[in-house]
Amino acid sequence: MTSPFRNLPSVSRLLAHRRIRPLASRMASDSVAEVIRQQLEEARRAIAAGHECPPTETLVESVLARAELLLQPTLRPVINATGVIIHTNLGRAPLSPEAIAAMEAASRGYSNLEFDLPEGERGDRLAHLEALLCQITGAEAAMAVNNNAGAAHLALTALAKEREVIISRGQAVEIGGGFRIPEVMRQSGARLVEVGTTNRTYLSDYQQAITDDTAALMRVHASNFRIIGFVESPPVEDLARLAHEHGLLLLDDLGSGCLIDTNQFGLAAEPTVQESVAANADLTMFSGDKLLGGPQAGIIVGRQELVAHLRRHPLTRALRMDKGSVAALAATAIHYVRDEALEKIPVWRMISMPLTTIERRARRWARAIGAPARSVHGRSMVGGGSLPEEGLPTRVIAIPAHDGRSVTELAQRLRLGQQPVIGRIEHDQLLLDPRTVAPEDDTTLVEAVTAALGR
Ligand SMILES: *Cc1c(COP(=O)(O)O)cnc(C)c1O
């Protein structure tokens, strides 16, 4: 009996195949050979599992498809029609044109990233950010690292290693994406002391837990959920006062880093960075790519000597921001300095977008797509662990199951189209929210939906 593996062509035979040879003009020859080897390996495994040896033409098709996948980046722009403004899985905050331009300029050529132009000497990349971040938050000192998880890790490692940090049981939470406050504390070598109960923690709970080993009290803004009803947690200023009476620090992990009063948009008040600073938190930490509306970053603002201490810590080097993000963060901060955040920063444009504008777009979409799409009332979400149950009234287009196509099938066709569009399914309808779609993408969205509906 001949082995079924014997019928598999060799690598060199496939390399010389008339349909594979042209790949050499688009792909390094080692890469073509590697793709062939991977495909043959897969075929061998299939044969070993009892499948027939595939015909050469099938192998060739698979090699070409595999090569095509390698030649296209898998990370692609998508249209976010979910109505979730800060969607972590879709890349959080889109950047303003100014932030993108700054990022591009810093990436294209050289820059004075760490170079002091007047002196002609080595400079500090954080120098591009500090004055701006102080200006917009009211803090006396500021720095930034790669992300907020890194900021929390740095602060705890540098200031509380092998000492105790007191935190309310209701705040020792998982923020999302596996970021658990107790875990971060353990990793940093700080000892977590949980006080109070899940729903209620009083100032006296913190007070009674203070020992000679305590380094800090920590507040974590329970940003992605809300316990409502019988709840209690002391305000930051009380925590700060208690900490300072005992010579301790108050570390405030705000999560979202909101700088703008959210009440004005009919949302609950998201705690702002300015409030935390004014309440005397020693360090306040927040993300760059949530409600701030900038690039991924972990911003730390607060007392001068503490920030100086963190800046000298070796972890700061390991967690440093790249130049593109430094440029984009500075450009984003400048929008706040210029008092143009609502017009220029995409997440704030979306939050403050008038309902009449959204209504007009939803009606236009529904008209252009035609039945069974129709414009209905809906709610957009802020997302990104901010304002968990708050919705902003919006208009969405709703598409029910149609022509024998289920709603999940339609949603999948939209995800897999030329231009992926992500919607959300509710009550067995596919909902598409104009609030989170850039107006310049309206035509593309309508075309994608029309194609997915099979028109
Ligand atoms: C989102 C969040 C973090 C993590 O921030 P990243 O910038 O994603 O690392 C930490 N703490 C809180 C309270 C958060 O909401």
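Residues numbered from 1 in each chain as written. Predicted model: local features only at pLDDT ≥ 70, side-chain atom pairs only at ≥ 80, totals over all residues. Heavy atoms only, no water.

Asker: Whenever I open this one, the sheet that holds strand 9 (residues 191-195) confuses me. Can you help?
Answerer: By definition, the strands of a sheet pair up through backbone hydrogen bonds, in either a parallel or an antiparallel sense. Strand order in this open sheet of 7 strands is 5-13-12-11-10-6-9, and the pairing throughout is mixed. The strands lining the two open edges of the sheet, one partner per strand, are strand 5 (141-145) and strand 9. Averaged over all neighbouring strand pairs, the angle between strand axes comes to 25°, with direction disregarded. Along the sheet face, helix 9 (residues 236-245) touches strand 10 (214-220) and strand 11 (249-255) and points at about 155° away from the line of strand 11. (Pairing = 2+ DSSP bridges. Helix = DSSP H or I, 4+ residues; strand = E, 2+ residues; numbered from the N terminus. Axes fitted to C-alpha atoms, helices over the stretch in contact; angles between N-to-C directions. Contact = heavy atoms within 4.5 Å.)

Asker: For this particular structure, what's the right way to read helix 17 (residues 407-415)?
Answerer: What sets the pattern is the α-helix's 3.6 residues per turn: residues three or four places apart point alike. Buried residues of helix 17: Val-407, Leu-410, Ala-411 and Leu-414, and no others. The buried side chains of helix 17 occupy one side of the element, clustering within an arc of 100° when seen end-on. (Buried < 20%, exposed > 50% of the residue type's maximum accessible area, 1.4 Å probe, protein only. Arc of directions from axis to C-beta.)

Asker: Can you walk me through the nonpolar core in this structure?
Answerer: The nonpolar side chains of soluble globular proteins are, as a tendency, buried together. Of all hydrophobic cores here, the largest spans 72 residues; its most connected members are Leu-129, Leu-156, Leu-251, Leu-283, Tyr-336 and Trp-348. Broken down by element, the residue count for this core peaks at 8 residues, all from helix 6 (residues 148-160). Per-domain counts for this core show at least three residues from each of domain 2 (79-87 + 348-452) and domain 3 (95-344). Grouped together as the second largest cluster of nonpolar side chains are 23 residues, Ala-362, Ala-366, Val-446 and Leu-453 included. (Core = buried A, V, L, I, M, F, W, Y, C linked by side-chain atoms within 4.5 Å. Domains from an automatic or database assignment.)

Asker: Hey, could you run me through unusual backbone geometry in this one?
Answerer: Comment: phi is negative for the bulk of residues other than glycine, and the bulk of peptide bonds are trans. Residue Pro-372 is reached from Ala-371 by a cis peptide bond, and omega for that bond is 5°. Structurally, the position occupied by Pro-372 is in the loop between helix 16 (355-369) and strand 14 (374-383). One non-glycine residue, Asn-280, lies in positive phi territory at about 75°. When its relative accessible area of 49% is taken as the criterion, Asn-280 is described as partly exposed. The backbone phi angle of Asp-339 is positive, close to 60°, even though this residue is not glycine. Residue class for Asp-339 comes out exposed when judged on its relative accessible area of 68%.

Asker: Help me understand the domain arrangement of the chain in this model?
Answerer: What the domain assignment lists for the chain is domain 1 (4-71), domain 2 (79-87 + 348-452) and domain 3 (95-344). Put simply, the middle of domain 1 and the middle of domain 3, counted by C-alpha atoms, are 51 Å apart.

Asker: What should I look at first to understand the packing of helix 5 (residues 127-137) against helix 13 (residues 323-337) in this one?
Answerer: When two helices pack together, their arrangement is given by the angle between the helix axes and by the axis-to-axis distance. Here helix 5 crosses helix 13 at 30°, and the two axes come no closer than 9 Å. Taken together, helix 5 and helix 13 sit at an angle that is classed as roughly parallel. In this structure, helix 5 meets helix 13 at a crossing whose hand is left-handed. In this structure, helix 5 uses His-128, Leu-129, Leu-132, Gln-135 and Ile-136 to contact helix 13, whose residues at the interface are Val-326, Leu-329, Ala-330, Ala-333, Ile-334, Tyr-336 and Val-337. Each residue belonging to the contact of helix 5 with helix 13 can be placed in one class, and the counts come to 10 nonpolar, 2 polar and no charged. (Parallel < 35°, antiparallel > 145°, perpendicular 65-115°, else oblique. Left-handed = near helix turned anticlockwise from the far one by under 90°. Nonpolar A, V, L, I, M, F, W, Y, C, P; charged D, E, K, R; others polar.)

Asker: Help me understand the pattern of salt bridges in this model?
Answerer: Side chains that differ in charge, positive against negative, can pair when their charged atoms come close. Evaluated as defined, the whole model comprises 28 salt bridges. The residue Arg-44 makes a salt bridge to Glu-41 at a minimum N-O spacing of 3.2 Å. Within this pair, Arg-44 and its partner Glu-41 are both found in helix 2 (residues 29-48), separated by 3 residues, close to a single helical turn. The partly exposed category is assigned to Arg-44, whose relative accessible area is 34%. Between Asp-289 and Arg-92 there is a salt bridge whose closest N-O contact spans 3.0 Å. Of this pair, Asp-289 sits in the loop between strand 12 (283-287) and strand 13 (298-302) while Arg-92 sits in the loop between strand 2 (84-86) and helix 4 (97-108), and the two are 197 residues apart along the sequence. (Salt bridge = Lys/Arg side-chain N within 4 Å of Asp/Glu carboxyl O.)

Asker: Just checking my understanding: could you explain the environment of Ser-375 for this structure?
Answerer: Its location among the elements puts Ser-375 in strand 14. Note on Ser-375: relative accessible area 28%, which makes it partly exposed. Spatially, the C-alpha atom of Ser-375 lies 9.4 Å from that of Leu-431, the residues being 56 residues apart in sequence. Setting aside anything within four residues of it in sequence, one finds Ser-375 in contact with Ala-362, Arg-363, Ala-366, Arg-395, Val-396 and Ile-397.

Asker: For this particular structure, what's the right way to read the packing of helix 4 against helix 13?
Answerer: Contact geometry of helix 4 with helix 13 gives a least axis separation of 8 Å together with a crossing angle of 150°. One finds that helix 4 runs roughly antiparallel with respect to helix 13. Taken as a pair, helix 4 and helix 13 cross one another with a handedness that is right-handed. Note on element contacts: helix 13 touches helix 4 through Lys-323, Gly-324, Ser-325, Ala-327, Ala-328, Ala-331, Thr-332 and His-335, opposite Glu-98, Ala-99, Ala-102, Met-103, Ala-106 and Ser-107. Looking at side-chain class alone, the contact of helix 4 with helix 13 contains 7 nonpolar, 5 polar and 2 charged residues.

Asker: I tried to follow the layout of surface pockets on my own but got confused; where do I start?
Answerer: A probe as big as a water molecule, rolled over the atoms, marks out the empty space that is left. Within this model, the largest pocket holds a volume of roughly 980 Å³. What lines the largest pocket is a set of 31 residues, and nearest its centre among them are Val-78, Pro-94, Leu-95, Met-350 and Asp-441. Breaking the lining of the largest pocket down by element, the ones donating at least two residues are strand 1 (79-80), helix 4 and helix 15 (346-351). Top contributing element to the lining of the largest pocket by residue count: helix 15, with 3 residues. Classifying every residue of the lining of the largest pocket by side-chain character gives 17 nonpolar, 7 polar and 7 charged. Counting the residues that make up the lining of the largest pocket, at least three belong to each of domain 2 (79-87 + 348-452) and domain 3 (95-344). (1 Å grid on protein atoms, 1.4 Å probe; cavity = no way out; pocket = protein on both sides within 12 Å on 5 of 7 lines; lining within 4 Å. Points joined across faces, edges and corners; volume = space filled by probe spheres on them.)

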